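Structure assessment
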Amino acid sequence: MSLNKTIVKVLSTGSKEGSVVYIGTGESSILIDAGPAKKNIKKFMLDNNFNPAKVDAILISHEHKDHCGGIAFADDYKIPVYASEGTLKELKRSETGKIVKHLKTFILDGLRQTFISVTPVNVMHDAAEPLMYVIQTHDTKISVMMDTGTITKDMLSAMAMSDVYILEANYDEDMLANGDYHDGLKYRVSSDTGHLSNAQTAEALNSLVRGIGEHIIITHMSAKNNTPELAEQAIKLALFDKGLVKNKHYKLEVL
Ligand SMILES: [Zn+2]
Ligand SMILES: [Zn+2]
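Cut-off values and rules
Residues numbered from 1 in each chain as written. Chains lettered and ligands numbered in written order. Predicted model: local features only at pLDDT ≥ 70, side-chain atom pairs only at ≥ 80, totals over all residues. Helix = DSSP H or I, 4+ residues; strand = E, 2+ residues; numbered from the N terminus. Rg over C-alpha atoms; globule rule 2.2 N^0.38 Å. Buried ≥ 20, exposed ≤ 12 C-beta atoms within 10 Å, placed from the backbone. Contact = placed C-beta atoms within 7 Å. Pairing = 2+ DSSP bridges. Axes fitted to C-alpha atoms, helices over the stretch in contact; angles between N-to-C directions.

Now for the overall build of the chain. Each helix and strand counted, the chain has 9 helices and 12 strands in total. The C-alpha radius of gyration of the chain comes to 17 Å, within 12% of the 18 Å expected for a compact globule of 255 residues. Along the first, second and third principal axes, the C-alpha set of the chain runs to 45 × 40 × 35 Å. Counting the 255 residues in the chain, one finds 48% classified as buried. For the chain, long-range pairs separated by at least 24 residues make up 62% of all intrachain contacts whose partners lie at least 6 apart in sequence.

Here the focus is the sheet that holds strand S12 (residues 250-254). By definition, the strands of a sheet pair up through backbone hydrogen bonds, in either a parallel or an antiparallel sense. Taken together, 6 strands build an open sheet; the order of strands is S7-S8-S9-S10-S11-S12 and the sheet is mixed. The sheet is open, and its two edges are formed by strand S7 (115-122) and S12, each paired on a single side. Averaged over all adjacent pairs, the angle separating strand axes in this sheet is 15 degrees, with direction ignored. As paired elements, strand S9 (residues 141-144) and strand S10 (residues 164-168) share 3 bridges and run parallel to each other. Among the inter-strand pairings, Val144 is bridged to a residue of S10, identified as Ile166.

Glancing now at the environment of Leu208. You can see Leu208 is positioned in helix H8 (residues 198-208). Through-space distance from the C-alpha of Leu208 to that of Leu244 is 12 Å; in sequence the pair is 36 residues apart. Other than its neighbours up to four places away in sequence, Leu208 contacts Leu156, Met159, Ala160 and Tyr165.

Right, here's the structure in full:
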């Protein structure tokens, strides 16, 4: 087996488009979430020269449609699906899926050499039993956090010392407050089990990023309540506080 450098690519993100993240290490590859329709997941993979027939596992964060709308992709290629017990139940995959548990680090079947370990961590979101995943490959530690309303201590400590951080920054607080969402939806988005604001994500990155060339990828931005510029500004300011400068100490991509 060739131990190539780990490739991490967010193939798609957003509550309309759906989220899917690719992590590949030479011969082995996994997806986190399968939000877009299966034909689109296939297309995104081929567009990036990734082989859809060579996916070894799919890890699902939670049952919302923008994270598992294309889960049938797994059946087409006979790929095992890993998720929490609660998520598998919602997906009606309790029989076939592989159950993972909060902070119980495990090894993906057959991938011991390249995907060293996976640690699922409970997140705070209005779904049955949502998780984030921290992946350690032979050369890279990757934290993939999908929807959450709060960043807990467990999440922070599991993510510590990552090389790649994939985090959501869903909304700007002022844009959400002054926008045209009805009050119930505003409350849902900003609640402890909704989504993260730019400020919350920036604060977490302030405590996580050490400035040794980490790669930060910001996802799941609201089209109505955020702009890439505002998200980027919030994160840059939070990291300036630690004396860290974009492209010198860290890389930042806002999708
Ligand atoms: Zn979502
Ligand atoms: Zn969700």
